[in-house]
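Read off the chains here:
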Amino acid sequence: MPEPRRGEVWLVDLGMVAKVRPCLVLSVPIGPQDRVLATLIGHTTSTRGSSFEVSVPVRFLQAGVFDAQSLVTVPHAKLIRKLGDLTPDQLASVEDAVRRWLGL
C-alpha cells in the first residue's frame with residue numbers, strides 16, 4: 001500500500017465525477033492506530049481565477065493550479081502512483097491558500 005508524505009504529488013482516483021487527477025498530499029504520516037487516509041488538494045487545468053488557486057510550475061504537471069476549495073480525504077488505496085515532490089516554498093504557497101480558504 002502506498003505511503004504518501006506531505007508535499008508529494010500523487011495521481012489519485014477521485015471517482016467518476018472528479019476523475020483521476022494529480023493531488024498534493026497535505027496530511028502527515030499516519031500511525032498504526034490511525035485510519036489509512038490521506039488529505040489532499042486537487043490539481044486542475046480548468047482555472048477560474050479564484051484567490052484560492054495556486055499555480056505551481058513543475059515538470060511533472062500540466063499547466064494548471066492547486067485549488068484550495070477542492071480539499072478531499074481518501075483512503076490510501078485510491079492513490080495510484082507518485083508523480084513528484086514540491087519544494088518547501090511551493091508547499092508553503094499552497095498551504096497559505098488553504099489557510100485563507102479555511103479562515104485560519
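Residues numbered from 1 in each chain as written. Predicted model: local features only at pLDDT ≥ 70, side-chain atom pairs only at ≥ 80, totals over all residues. Heavy atoms only, no water.

### Section: the layout of surface pockets
Picture a little ball the size of a water molecule; that probe, rolled over the atoms, points out where space is still empty.
Right, on to step 1. When its volume is computed, the largest pocket comes out at roughly 230 Å³.
Right, on to step 2. Taken together, K19, V20, R21, P22, H43, T44, T45, S46, F60, L61, Q62 and L83 form the lining of the largest pocket.
Right, on to step 3. Broken down by element, the lining of the largest pocket gets its largest block of residues, 3 residues, from strand β2 (residues 20-25).
Right, on to step 4. Here the lining of the largest pocket is composed, by residue class, of 5 nonpolar, 5 polar and 2 charged. (1 Å grid on protein atoms, 1.4 Å probe; cavity = no way out; pocket = protein on both sides within 12 Å on 5 of 7 lines; lining within 4 Å. Points joined across faces, edges and corners; volume = space filled by probe spheres on them. Helix = DSSP H or I, 4+ residues; strand = E, 2+ residues; numbered from the N terminus. Nonpolar A, V, L, I, M, F, W, Y, C, P; charged D, E, K, R; others polar.)

### Let's talk about the packing of aromatic side chains
Right, on to step 1. Applying the stated criterion to the full structure yields 1 aromatic pair.
Right, on to step 2. Seen from their ring centres, F52 and W101 are 5.2 Å apart, and the 70 degrees between their planes marks the pair as edge-to-face. One end of the pair, F52, is in the loop between β3 (37-44) and β4 (53-54); the other, W101, is in helix α2 (residues 88-102), and 49 residues separate them in sequence.
Right, on to step 3. Look at F52 and you get buried, because its relative accessible area is 18%.
Right, on to step 4. The exposure class assigned to W101 is partly exposed, which follows from its relative accessible area of 37%. (Phe/Tyr/Trp six-rings, centres within 6.5 Å; stacked < 30°, edge-to-face > 60°. Buried < 20%, exposed > 50% of the residue type's maximum accessible area, 1.4 Å probe, protein only.)

### Let's talk about the side chain of Q90
Right, on to step 1. Note that Q90 resides in helix α2.
Right, on to step 2. Given a relative accessible area of 18%, Q90 falls into the buried group.
Right, on to step 3. Side-chain polar atoms of Q90 contact the backbone nitrogen of T87, separated by 2.8 Å.
Right, on to step 4. The residues contacting Q90, other than those within four sequence positions of it, are V56, P57 and V58. (Polar contact = N/O pair within 3.5 Å; in protein donor to acceptor, adjacent residues only side chain to side chain. Contact = heavy atoms within 4.5 Å.)

### Re α2
Right, on to step 1. In this model, α2 (15 residues) spans 21 Å end to end at C-alpha, consistent with the 21 Å of a helix rising 1.5 Å per residue.
Right, on to step 2. Residues of α2 that are buried sit in contact with β2, β3, β4 and β5 (65-75).
Right, on to step 3. Of the residues flanking the end of α2, it is G103, one or two places downstream, whose phi is positive at about 75 degrees. (Expected span 1.5 Å × (residues − 1).)

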